[in-house]
Amino acid sequence: MHHGRDEAFSAFMASRYPSLLRTATLLTGTPTGAEDLAQEALLRTYRAWRRIGRVEAAEAYTRTTMVRLLAKDRRRRWSQEIPAERLPDVPGPGHAESVATAVSVRAVLHRLPPGQRAVLVLRFYHQLTERQIAAALGCSVGTVKSRAARALSALRAAGFLTAVTDREKGAGDE
């Protein structure tokens, strides 16, 4: 029997599913695609539970699995429509702006190829280092850097990024 494994996995699912689903939504762009991706990754996590060893490592394993599944399965495409959650009748302060921002972020990510999208989600949403992203994607740090640079360049060219970094301003240049 897998009673202990089932209990540990159930506890993991109960505590981390919402976070994993948010990541899957950023990666796929659709609620349905996100559910499918998260569930497929969680099934693989369950199968590998003994090898994972620690509950603390399970979220990273699942997130990495989602990114790799998305990269492998090019059929997972964003739809042309970006759905937005219906605003509540009595929104809290700043709620409309945060929903608008979330919809804008998904629309911006929609314009990128899956590999570039994955790098940005892992870097800026999950705050992973380039080395951690490379490990998650199974590629080199150089590949992570080039995908990030291409993604940010494409977003700038499309007018989505207007902030200028200190390096671009020439800070530190004599």
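Calculation notes
- Residues numbered from 1 in each chain as written.
- Predicted model: local features only at pLDDT ≥ 70, side-chain atom pairs only at ≥ 80, totals over all residues.
- Heavy atoms only, no water.
- Helix = DSSP H or I, 4+ residues; strand = E, 2+ residues; numbered from the N terminus.
- Contact = heavy atoms within 4.5 Å.
- Salt bridge = Lys/Arg side-chain N within 4 Å of Asp/Glu carboxyl O.
- Buried < 20%, exposed > 50% of the residue type's maximum accessible area, 1.4 Å probe, protein only.
- Expected span 1.5 Å × (residues − 1).

Trainee: Would you mind showing me how to read the overall build of the protein here?
Mentor: Looking only at helices and strands, the protein features nine helices and zero strands. Listing the helices and strands of the protein from first to last along the sequence gives α-α-α-α-α-α-α-α-α. Intrachain contacts of the protein at a sequence separation of at least 6 include 62% that bridge at least 24 residues.

Trainee: Explain the pattern of salt bridges to me, please; I cannot follow it from the model alone.
Mentor: As a working rule, side chains carrying opposite charge can pair if their charged atoms are close by. Using the criterion set out here, one finds three salt bridges in the structure. Notably, a salt bridge pairs E40 with R44, separated by 3.6 Å at the nearest N-O pair. Separated by four residues within a single helix, E40 and R44 lie in helix α2 (residues 31–47), roughly one turn from each other. Among the residues examined, E40 registers a relative accessible area of 30% and is labelled partly exposed.

Trainee: Help me understand the environment of P18 in this model?
Mentor: Structurally, P18 can be placed in helix α1 (residues 3–28). For the pair formed by P18 and A38, sequence separation is 20 residues and the distance between their alpha carbons is 10.0 Å.

Trainee: Honestly, helix α6 (residues 114–125) in this entry has me stumped. Any pointers?
Mentor: Every α-helical turn comprises 3.6 residues, leaving residues that sit three or four positions apart pointing alike. Across its twelve residues, α6 extends 15 Å between first and last C-alpha, which sits within 8% of the 16 Å expected from 1.5 Å per residue. Burial within α6 is extensive, with nine of its twelve residues counted as buried. Taken residue by residue, α6 has P114, G115, Q116, R117, A118, V119, L120, V121 and L122 as its buried positions. At the exit of α6 stands Q127, carrying a positive phi of roughly 60°.

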